[in-house]
Amino acid sequence: MSRNIPKEEDLTNDATRLQQLLYSVGRRRSLRDPIASTCEEMQFTPPQVHALLWLGQDGMLTMGELARRLGVTEKTVTGVVDRLEREDQVQRERITLDRRVVRCRLTEQGQKTYQKLERLMFQAVVHMLGMLDTTDRKALFRILEKLIRRLESPPGEALSGPQEKSA
């Protein structure tokens with residue numbers, strides 16, 4: 001195995017390039033339309049949609065966990081959950097052992113909304129993957145899986161450990 005530890009300048013340049021590429025992909029309205037139109041139709045804000053997606057994907061979450069997933073404060077997530085609760089999308093539950101801990105879960109209506117959002121997201125991903133040939137799709141999966149493995153490794157090991165050779 002070779003050690004392929006990137007130089008800081010290379011990482012900085014590559015980070016800039018990746019960031020610009022991700023911005024460019026994000027600007028392509030056609031990739032956002034299915035979810036954006038659903039948000040408008042259902043009158044949900046992006047944080048509310050993300051909350052529905054996280055709760056649908058991972059099940060019941062505490063308010064603190066949901067706030068971290070959304071990248072907002074607990075005060076902000078309270079407003080997000082308040083609105084979703086009024087719309088019968090989520091339900092709050094208190095833990096009997098510690099009444100301070102509040103968990104959220106999707107209601108039956110929330111499950112239906114989540115399934116609709118999930119279908120729309122899946123269709124958008126199918127459309128996006130359809131733009132790549134088989135070799136590029138395999139390379140994309142390999143890179144993402146490698147990144148996930150490294151993110152799951154103990155701190156300091158991600159870049160300092162043996163590096164796999166690039167394909």
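You'll find the structure just up there.
Rules and cut-offs
Residues numbered from 1 in each chain as written. Predicted model: local features only at pLDDT ≥ 70, side-chain atom pairs only at ≥ 80, totals over all residues. Heavy atoms only, no water. Helix = DSSP H or I, 4+ residues; strand = E, 2+ residues; numbered from the N terminus. Buried < 20%, exposed > 50% of the residue type's maximum accessible area, 1.4 Å probe, protein only. Contact = heavy atoms within 4.5 Å. Areas by Shrake-Rupley, 256 points an atom, 1.4 Å probe, with all protein chains shown as cover. Pairing = 2+ DSSP bridges. Axes fitted to C-alpha atoms, helices over the stretch in contact; angles between N-to-C directions. Polar contact = N/O pair within 3.5 Å; in protein donor to acceptor, adjacent residues only side chain to side chain. Salt bridge = Lys/Arg side-chain N within 4 Å of Asp/Glu carboxyl O. Expected span 1.5 Å × (residues − 1). Phe/Tyr/Trp six-rings, centres within 6.5 Å; stacked < 30°, edge-to-face > 60°. Lys NZ or Arg CZ within 6 Å of the ring centre and 35° of its normal.

1. Details of the overall build of the protein
On a plain count of helices and strands, the protein comes out with 8 helices and 3 strands. The helix and strand sequence of the protein, counted from the amino end, reads α-α-α-β-α-α-β-β-α-α-α. Residues classed as buried in the protein amount to 23% of the 167 residues present. Across the protein, the fraction of contacts at a sequence separation of at least 24, relative to all contacts at a separation of at least 6, is 48%. Surface accessibility of the protein: about 12200 Å² in total, with carbon and sulfur atoms responsible for 55%.

2. Here we look at the pairing of strand 3 (residues 102–106)
Of the two faces of strand 3, only the one carrying Val102, Cys104 and Leu106 is buried; Arg103 and Arg105 on the other face are not. Here strand 1 (residues 61–62) runs beside strand 3; their pairing, made up of 2 bridges, is antiparallel. Considered in strand 3, the bridge of Leu61 is made with Cys104. Bridge count for strand 2 (residues 90–94) against strand 3 is 5 bridges, and the pairing is antiparallel. Looking at the pairing, Val90 lines up with Leu106 of strand 3.

3. Observations concerning the sheet that holds strand 2
On the basis of which strands lie adjacent, the open sheet formed by 3 strands has the order 1-3-2 and antiparallel pairing. In this open sheet, the two edge strands, each paired with only one partner strand, are strand 1 and strand 2. Docked against the sheet, helix 5 (residues 74–86) engages strand 2 and strand 3, running at close to 120° with respect to strand 2.

4. Focus: the side chain of Thr113
Residue placement: Thr113 occurs in helix 6 (residues 108–129). According to the relative accessible area criterion, Thr113 is buried, its value standing at 3%. A distance of 2.7 Å separates a polar atom in the side chain of Thr113 from a polar atom in the side chain of Gln89. With residues up to four places along the chain from it excluded, the contact list for Thr113 reads Met42, Phe44, Leu52 and Gln89.

5. Let's talk about the pattern of salt bridges
Where side chains of opposite charge bring their charged atoms close, a pairing between them can arise. Tallied over the full model, the rule gives 5 salt bridges. Note that Arg83 and Glu87 form a salt bridge whose closest N and O atoms lie 3.5 Å from each other. Judged by its relative accessible area of 38%, Glu87 falls in the partly exposed class. Between Glu93 and Arg105 there is a salt bridge, and its shortest N-O distance comes to 2.5 Å. Placement of Glu93 in strand 2 and of Arg105 in strand 3 is noted, with a sequence separation of 12 residues between them. Relative accessible area serves as the criterion here: at 27%, Glu93 is assigned to the partly exposed category. Bridged by salt links that share partners, the residues Asp82, Glu85 and Arg92 form one connected network.

6. Quick look at the environment of Leu70
Its place among the elements puts Leu70 in helix 4 (residues 63–70). Residue classification places Leu70 among the buried residues on the basis of a relative accessible area of 18%. Leu70 sits 20 residues away from His50 along the chain, and the two C-alpha atoms are 6.8 Å apart. The contacts of Leu70, once residues within four sequence positions are left out, are Pro47, His50, Ala51, Trp54 and Val77.

7. Some thoughts on helix 7 (residues 134–152)
Its 19 residues give helix 7 an end-to-end C-alpha distance of 27 Å, which sits within 8% of 27 Å, the value for a rise of 1.5 Å per residue. For helix 7, the capping residue at the N-terminal end is Asp133, with a side-chain oxygen 3.2 Å from the backbone nitrogen of Thr135.

8. Overview of the packing of aromatic side chains
All told, the structure shown has 0 aromatic pairs when counted by the stated rule. Its end group placed over the ring of Trp54, Arg69 keeps NZ or CZ at 4.9 Å from the ring centre.

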